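Architecture at a glance
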Amino acid sequence: MEKTKVVVVGGGVSGLTSALLLARTGKYDINLISKYLPGDYDIEYTSPWAGANWMSFATKEDKRQQEFDRITYEYLVELAKDMPSTGIWSKKVIQYVRQEDLEKESGLLGGLAEARPWFADLTPNFEPIARENLPKGYVQGITYDSFCINTQVYLPWLQSQLFVLGVDVRYKTINHIREAFDAHKSGQRAAIVVNCTGLMASKLPGVMDSKVYPGRGQTVLVRNHAPAMYNVSGTSDGDDEITYIMSRVGGGTILGGCYQQGNWNGTPDPNMAQRIIQRCLEICPELEQDGKLDVIRHNVGLRPSRVGGPRVEREKSPDGWLVHNYGAGGAGYQSSYGMATSVVNLVEQALLE
Ligand SMILES: Cc1cc2nc3c(=O)[nH]c(=O)nc-3n(C[C@H](O)[C@H](O)[C@H](O)COP(=O)(O)OP(=O)(O)OC[C@H]3O[C@@H](n4cnc5c(N)ncnc54)[C@H](O)[C@@H]3O)c2cc1C
């Protein structure tokens, strides 16, 4: 029987993971098209710039986001255990909370201020940090086992899995979402288009989602190693600055960062870089091996944030079924398998109608 033709638009973590889970069903003839693909670096392409780790921001009430993150955590357990070629490894997370952030419970810091967040039973070795073991200035802390994803390794790995499963991957820029229906290499019309265009969903004709906006993030990639991954609830350098450390398998550590809503500026700010380095050294002095930090690169990426959370839903357009998967904000990796699982279900439902 001829397989149903599907075109996935987007070569970031959302598009690659959606294509992978669709391909694993064996039911579809899939093409993935994208303006940028793994190996490229551009301000319109968020995925290469991420840390990236699993550190859920889902609040206790947000069951949908929890489910996305839970499903992904379970995949990451397997990927880190059985497949070192993915660039994913298990790492301890240490999160500290300041007194003034205790009441904050939404957005980037959601869940942090809770002594027992929703994922306490999911993540092994979860435990509160005793007050006497907290650094000065912090009133609460938790630690648990999580994962760090080396995006330089993981994105090409995802792409290679698509090749193994016979997915056609190629560069193509579309100027309207309807063009994707005619982009299948067979020359026949696709029955389904999966839209994983990230931040550009805000500008792509036929989608033009006005709820999507950039959450600018600046980081410093250093050669130094940190013993764990760290995160702090807030900073005294302004509400849009944050502090985190993510140590990658294969070397290199990401120091962050900031979350600047609505800011499209792709140029690193040297003053902010200094503040990031200083804050990270305060919470992890062990970073400074041989008395210095060895900077590889200053990075800026734009998180594809969306008012009301990610859009993972199907839409009957005049051209055919669209399944959307974009707007993951700062959680595109840690929710990737959960969101892609929903994509598979939505595609199946659409084809039944
Ligand atoms: C500094 C920083 C740190 C982060 N840390 C983490 C973290 O620790 N954990 C985590 O889970 N997430 C993290 N994120 C968030 C994560 O990176 C994003 O949520 C994720 O990369 C979004 O992936 P995406 O595939 O939706 O979008 P993108 O990676 O932007 O991919 C979109 C794709 O669509 C293509 N496209 C767009 N328009 C068109 C068009 N017209 N025609 C053809 N192709 C098109 C693009 O070329 C691109 O390939 C971080 C982000 C930043 C910036």
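Residues numbered from 1 in each chain as written. Predicted model: local features only at pLDDT ≥ 70, side-chain atom pairs only at ≥ 80, totals over all residues. Heavy atoms only, no water.

For the rest of this paragraph, the subject is the site of the ligand. The local shell around the ligand holds 40 residues, among which Ser14, Ser34, Ser47, Gly329 and Gln334 are the closest. Between a nitrogen atom of the ligand and a main-chain N or O atom of Ile174, the distance comes to 2.9 Å. Gly329 is positioned such that a nitrogen or oxygen atom in its backbone is 2.6 Å from an oxygen atom of the ligand. Coverage of the ligand by the protein chains reaches 97% of its 1,000 Å² of free accessible surface. Listing elements by their share of the shell around the ligand, those giving two or more residues are α1 (13-24), β10 (241-247) and β13 (295-306). Looking at the shell around the ligand element by element, the count peaks at four residues for β13. Classifying every residue of the shell around the ligand by side-chain character gives 18 nonpolar, 18 polar and four charged. In this structure, the shell around the ligand is formed jointly by two domains, domain 1 (4-48 + 152-212 + 307-352) and domain 2 (90-146 + 213-306), each of which donates at least three residues. (Near = heavy atom within 4 Å. Polar contact = N/O pair within 3.5 Å; in protein donor to acceptor, adjacent residues only side chain to side chain. Areas by Shrake-Rupley, 256 points an atom, 1.4 Å probe, with all protein chains shown as cover. Helix = DSSP H or I, 4+ residues; strand = E, 2+ residues; numbered from the N terminus. Nonpolar A, V, L, I, M, F, W, Y, C, P; charged D, E, K, R; others polar. Domains from an automatic or database assignment.)

Turning our eyes to something else, we now look at the packing of helix α2 (residues 63-82) against helix α5 (residues 336-352). It is the contact of α2 with α5, at a shortest axis distance of 6 Å, that shows an interaxial angle of 115°. The angle between the axes of α2 and α5 places the two elements in the roughly perpendicular class. Crossing geometry of α2 relative to α5 is assigned as right-handed. Residues Phe68, Ile71, Thr72, Tyr75 and Leu79 of α2 form the contact with α5, whose participating residues are Ser336, Tyr337, Gly338, Met339, Thr341 and Ser342. (Axes fitted to C-alpha atoms, helices over the stretch in contact; angles between N-to-C directions. Parallel < 35°, antiparallel > 145°, perpendicular 65-115°, else oblique. Left-handed = near helix turned anticlockwise from the far one by under 90°. Contact = heavy atoms within 4.5 Å.)

Within the structure shown, the criterion is met by 14 aromatic pairs. Plain terms: the ring middles of Tyr41 and Trp49 are 5.0 Å apart, the flat faces sit at 65° to each other, and that makes the pair edge-to-face. Using a relative accessible area of 17% as the deciding quantity, one classes Trp49 as buried. Relative to Tyr73, the ring of Trp54 lies with its centre 4.9 Å away and its plane at 80°, an arrangement referred to as edge-to-face. Taken together, the positions of Trp54 in the loop between β2 (28-34) and α2 and Tyr73 in helix α2 put the pair 19 residues apart, joining distant regions of the chain. For the pair shown, Trp54 and Tyr73 are each scored as buried. A connected cluster of aromatic rings, assembled from ring pairs, spans Trp54, Tyr73, Trp118, Phe119, Phe126, Tyr144 and Phe147. A cation sits over an aromatic face here: Lys91 above Trp89, 4.8 Å from the ring centre. Over the ring of Trp264 we find Lys203, and its NZ or CZ is 4.0 Å from the ring centre. (Phe/Tyr/Trp six-rings, centres within 6.5 Å; stacked < 30°, edge-to-face > 60°. Buried < 20%, exposed > 50% of the residue type's maximum accessible area, 1.4 Å probe, protein only. Lys NZ or Arg CZ within 6 Å of the ring centre and 35° of its normal.)

On to the domain arrangement of the protein, then. The domain architecture assigned to the protein consists of domain 1 (4-48 + 152-212 + 307-352) and domain 2 (90-146 + 213-306). On a C-alpha basis, the centres of domain 1 and domain 2 stand 29 Å from each other. At the junction of the two partners, domain 1 supplies 22 residues and domain 2 supplies 14 residues. For the pairing of domain 1 and domain 2, the buried interface totals around 1,400 Å² over both sides, and the portion due to carbon and sulfur atoms is 59%. Our count for the domain 1 to domain 2 interface comes out at one salt bridge. A salt bridge links Arg306 to Asp209; the shortest N-O distance between them is 2.8 Å. Run the count over domain 1 and domain 2 and you get six residue pairs in polar contact (both at pLDDT 80 or more). (Buried area = accessible area lost by both parts, 1.4 Å probe. Salt bridge = Lys/Arg side-chain N within 4 Å of Asp/Glu carboxyl O.)

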